[in-house]
Amino acid sequence: VQLVESGGGLVQPGGSLRLSCVASGFTFSRYGMSWYRQAPGKERELVATIANAGGSTNYADSVKGRFTISRDNAKNAVYLQMNSLKPEDTAVYYCNAFRLAISVSHWGQGTQVTVSS
């Protein structure tokens, strides 16, 4: 099982980034997918979630209207489009695959997002 994130980097406040996560080693279309983030000295927090079929999404209040989660089951990929970035969005962003029915969760290694002028 592997989840590989990419797309992080340094961006100015107000800018945009698109994170990608490519999965392998499991049946991607059977798993819900989430993005989490962890800032220095803080607990990991849930940012956004998308159902396995892609029809249902949920967002943390802090990112609603600015971030969009999407997935492409044909490419085994999930994305996080981040717009109007703020310094408080600075964190390591992690991709997570979950299947509640069998209590299984997989994590990526994380990608750093830094929002700074």
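Scroll up to find the structure this text is about.
The structure reproduced in this document is the subject of the present report.

**Some words on the overall build of the protein**
Next, step 1: Broken down by element type, the protein carries zero helices and 11 strands.
Next, step 2: The globule rule puts the C-alpha radius of gyration for 117 residues at 13 Å, and the 13 Å found for the protein is close to it.
Next, step 3: When its C-alpha atoms are laid out on the principal axes, the protein stretches across 40 × 25 × 25 Å.
Next, step 4: The long-range share in the protein, meaning contacts at least 24 apart out of those at least 6 apart in sequence, stands at 54%.
Next, step 5: Carbon and sulfur atoms provide 47% of the accessible area of the protein, an area that totals close to 6000 Å².
Next, step 6: The averaged location of the 7 negative side-chain charges in the protein is 7 Å from the averaged location of its 11 positive side-chain charges.

**Observations regarding the sheet that holds strand E7 (residues 67–72)**
Sheet strands pair via backbone hydrogen bonds, and the direction of the pair is either parallel or antiparallel.
Next, step 1: Within the open sheet, the four strands sit side by side as E1-E3-E8-E7. Their pairing is antiparallel. Each having just a single partner strand, strand E1 (2–6) and E7 make up the two edges of the open sheet. Strand-to-strand, the axes of this sheet are offset by a mean angle of 15°, without reference to chain direction.

**Some points on the side chain of Arg-66**
Next, step 1: Relative to the helices and strands, Arg-66 resides in the loop between strand E6 (57–59) and E7.
Next, step 2: Separated by 2.8 Å, the side chains of Arg-66 and Asp-89 make a polar contact.
Next, step 3: The residues touching Arg-66, leaving out its near neighbours within four places in the chain, are Gln-81, Met-82, Asn-83, Ser-84, Leu-85, Lys-86 and Asp-89.

**Topic: the nonpolar core**
Next, step 1: In terms of nonpolar packing, the biggest core is built from 29 residues, with Trp-35, Val-78, Leu-80, Met-82 and Tyr-93 touching the most fellow members.
Next, step 2: Of all elements in the fold, only strand E3 (17–24), strand E4 (32–38), strand E5 (45–50), E7, strand E8 (77–82), strand E9 (91–99) and strand E11 (111–115) reach the threshold of two or more residues within this core.
Next, step 3: Those residues in contact with Leu-80 that lie beyond four places of it in its chain are Leu-17, Arg-18, Leu-19, Trp-35, Val-47, Ala-48, Phe-67, Thr-68, Ile-69 and Tyr-93.

**Section: the pattern of salt bridges**
Next, step 1: Under the definition given, this model contains four salt bridges.
Next, step 2: In this structure, the salt-bridge partner of Glu-45 is Arg-37, at a minimum N-O distance of 2.6 Å.
Next, step 3: A salt bridge links Asp-89 to Arg-37; its shortest N-O distance comes to 2.9 Å. Here the residue Asp-89 occupies a position in the loop between E8 and E9, and Arg-37 occupies one in strand E4, the gap between them amounting to 52 residues.
Next, step 4: Asp-89 sits in the buried class, given a relative accessible area of 0%.
Next, step 5: Overall, Arg-37 belongs to the buried group, its relative accessible area being 5%.
Next, step 6: Through salt bridges with shared partners, a single network forms among Arg-37, Glu-45, Arg-66 and Asp-89.

**Concerning the pairing of E7**
Next, step 1: Residues Phe-67, Ile-69 and Arg-71 point to one face of E7 and are all buried, whereas Thr-68, Ser-70 and Asp-72, pointing to the other face, are not buried.
Next, step 2: Both E7 and E8 contribute to a ladder of six bridges, which runs antiparallel. If you follow Asp-72 over to E8, its bridge partner there is Ala-77.

Parameters and conventions
All chains use their own residue numbering, which begins from 1 and follows the written sequence. Confidence filtering applies because this is a predicted model: local features only for residues at pLDDT of at least 70, side-chain atom pairs given and counted only at 80 or more, and all residues used for totals across whole chains, interfaces and linings. No hydrogens and no water enter the side-chain calculation; it runs on all heavy atoms of the structure. Only DSSP runs of H or I reaching four residues or more are called helices, and only runs of E reaching two or more are called strands; each is numbered from the N terminus. The atom set for the radius of gyration is the C-alpha atoms, and the globule formula is 2.2 Å times the number of residues raised to the power 0.38. The criterion used for residue contact is that any of the two residues' heavy atoms lie within 4.5 Å. Using the Shrake-Rupley algorithm and a 1.4 Å probe, accessible areas are obtained, with residue cover drawn only from the displayed protein chains. Neither His nor the chain termini are counted; the positive set is Lys and Arg, and the negative set is Asp and Glu. Positions of charges follow a simple convention, taking NZ of Lys, CZ of Arg, CG of Asp or CD of Glu. Paired strands, as defined in this entry, are two strands with at least two bridges between them according to DSSP. Structural elements are reduced to axes, namely lines fitted to C-alpha atoms, with helices fitted over the stretch in contact, and the angle between N-to-C directions of any two is expressed from 0 to 180 degrees. Under the rule applied, a polar contact is a pair of N or O atoms within 3.5 Å (in protein, one hydrogen donor and one hydrogen acceptor; residues adjacent in sequence only if both atoms are side-chain atoms). Residues belong to one nonpolar core when they are buried, are Ala, Val, Leu, Ile, Met, Phe, Trp, Tyr or Cys, and are joined through side-chain atoms within 4.5 Å. Categorising residues by exposure relies on relative accessible area from a 1.4 Å probe, with only protein chains included: less than 20% of the type maximum marks a residue as buried, more than 50% marks it as exposed, and the intermediate range marks it as partly exposed. Definition used for salt bridges: Asp or Glu carboxyl oxygen within 4 Å of a side-chain nitrogen of Lys or Arg.

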